[in-house]
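Survey of secondary and tertiary structure
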Amino acid sequence: MKRLGINIDHVATLRNARGEFHPDPIYAAKFVKKIGADSVTIHLREDRRHINDIDAKKICSIKRLLVNLEISTNKYIVNKALSIKPDFICIVPENRKEITTEGGLNLKKNKKNLKRIISKFKKKKIRTSLFVNPNINDIRIARELNTDCIEIHTGHLSNLIKHKKKYSNELKRIIRCSILAKNFGIEVHAGHGLDYKTTKILNKIKEIEEFNIGHFIIGESVFFGLQKVVQKFKKILKN
Ligand code: PXP
């Protein structure tokens with residue numbers, strides 16, 4: 001069965017809307033683990049719009065909880081992540097004006113820097129991942145960079161499906177990249193914009209071992225409760 005990583009950033013978004021303590025992302029991290037999450041994902045953004053330094057530190061110190069910390073290549077954030085010591089890191093592009101992570105990394109342009117950052121985390125035995133677009137050249141570069149994993153950006157596929165547009169070419173790109181990465185010995189993950197329908201479609205790709213899902217889970221929970229929503233995703237991943 002594929003693993004489900006739950007991104008709890010938007011619990012912090014809700015908390016920050018009031019500038020107080022509720023809902024608490026630390027409680028959310030423990031709770032999602034209890035109801036079936038295989039890991040928790042948090043993104044320590046440069047502008048700290050949701051998860052902050054104290055949240056990240058506290059969440060990473062919860063016992064027996066696997067934490068995937070998303071970070072940009074910003075020097076200060078990289079050092080912060082090295083000091084927090086999450087179980088996993090996922091390097092993502094970051095742009096202060098974006099609403100969410102809009103695409104994968106520009107691997108070609110940032111090769112040298114990424115290689116240096118990856119080796120720092122690997123030395124600390126932290127699993128490394130790169131958030132990439134479904135592009136064959138990028139998968140080849142990812143191998144050169146010696147990353148443990150890649151996470152394929154599924155935002156474009158999700159948008160096509162949500163807007164009832166033809167998505168077969170984008171799906172084929174994701175399948176080809178997943179197969180190539182797996183052949184290179186890179187573990188394949190997928191994330192961004194996923195809901196029940198898109199997860200069901202991608203679940204058929206046997207090379208994908210982990211999904212990281214956030215906004216839809218937190219949004220859907222407003223109506224049906226976190227436990228029911230997570231159970232529904234677990235059921236999809238069982239098939
Ligand atoms: N994976 C990565 C690398 C991300 O940057 C994000 C968004 O922060 C997600 C997964 C989760 O995306 P969504 O909130 O759209 O499910």
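Residues numbered from 1 in each chain as written. Predicted model: local features only at pLDDT ≥ 70, side-chain atom pairs only at ≥ 80, totals over all residues. Heavy atoms only, no water.

1. As for the site of the ligand
Quick note on the threshold: Definition of nearness: a residue and a molecule or strand are near each other if at least one heavy atom of the residue lies within 4 Å of the molecule or strand. Any pair of nitrogen or oxygen atoms within 3.5 Å is treated as a polar contact; in protein, a donor-acceptor pairing is required on top of that, and neighbouring residues in sequence qualify only through side-chain atoms on both sides. Computed with a 1.4 Å probe, the accessible areas rest on the Shrake-Rupley method; for each residue, only the protein chains presented here act as cover.
Around the ligand, the neighbouring residues are N7, E70, V92, T101, F131, E151, H192, G193, N212, I213, G214 and H215. Backbone polar atom of G193 to an oxygen atom of the ligand: 2.8 Å apart, as the coordinates give it. Contact between the ligand and H215: an oxygen atom at 2.8 Å from a main-chain N or O atom of the residue. Against a free-state accessible area of 400 Å², the protein chains account for coverage of 94% of the ligand.

2. Considering helix α1 (residues 9-18)
An α-helical turn contains 3.6 residues, so any two residues separated by three or four positions project in the same direction. Condition: Exposure is judged per residue with a 1.4 Å probe applied to protein chains only, and the accessible area is read against the type maximum: over 50% gives exposed, under 20% gives buried, and values in between give partly exposed. Helix and strand labels come from DSSP, where a helix needs a run of H or I of at least four residues and a strand needs a run of E of at least two; each type is numbered from the N terminus. Note that the arc is defined by the directions from the helix axis to the C-beta atoms. Contacts are residue-level and defined by heavy atoms, with any inter-residue pair within 4.5 Å sufficient.
Here α1 has its buried residues at D9, V11, A12 and R15. Within α1, the buried residues cover an arc of 155° as seen down the axis, which keeps them to one side. Looking at the buried side of α1, the elements it contacts are β1 (3-7), α2 (25-34), β2 (39-43), α3 (53-60) and α10 (215-224). G19 sits one or two residues past α1 and shows a positive phi near 65°.

3. Quick look at a positive patch on the surface
What counts is decided by this rule: A patch is a set of surface residues, each over 30% in relative accessible area and not in a salt bridge, joined within 9 Å for like charges and within 5 Å for the nonpolar side chains Val, Leu, Ile, Met, Phe, Trp and Tyr. Should a side-chain nitrogen of Lys or Arg be within 4 Å of a carboxyl oxygen of Asp or Glu, the pair is scored as a salt bridge. In this tally Asp and Glu are treated as negative and Lys and Arg as positive; neither His nor the chain ends contributes. Charged groups are reduced to one reference atom each: NZ for lysine, CZ for arginine, CG for aspartic acid, CD for glutamic acid.
A grouping of K200, K204, K232, K235 and K238 is seen on the molecular surface, where their side chains present a positively charged patch. Take the positive patch: its biggest share by element is three residues, from helix α11 (residues 226-238). Topologically, K238 is positioned in helix α11. Of the residues examined, K238 reaches a relative accessible area of 65% and is grouped as exposed.

4. Re the pairing of strand β6 (residues 149-153)
For a regular strand, side chains alternate in direction, first toward one face of the sheet and then toward the other. The test is simple: Here the term right-handed applies to a crossover when the path leading from its first strand over the helix to its second strand runs clockwise, the strands being oriented away from the viewer.
With five of five residues buried, β6 lies mostly within the body of the structure. In β6, alternate side chains face the same way, and those of C149, E151 and H153 on one face and I150 and I152 on the other are all buried. Taken together, strand β5 (residues 127-132), helix α6 (residues 136-144) and β6 constitute a β-α-β crossover, and its handedness is right-handed.

Purely spatial values, then, with no claim about function.
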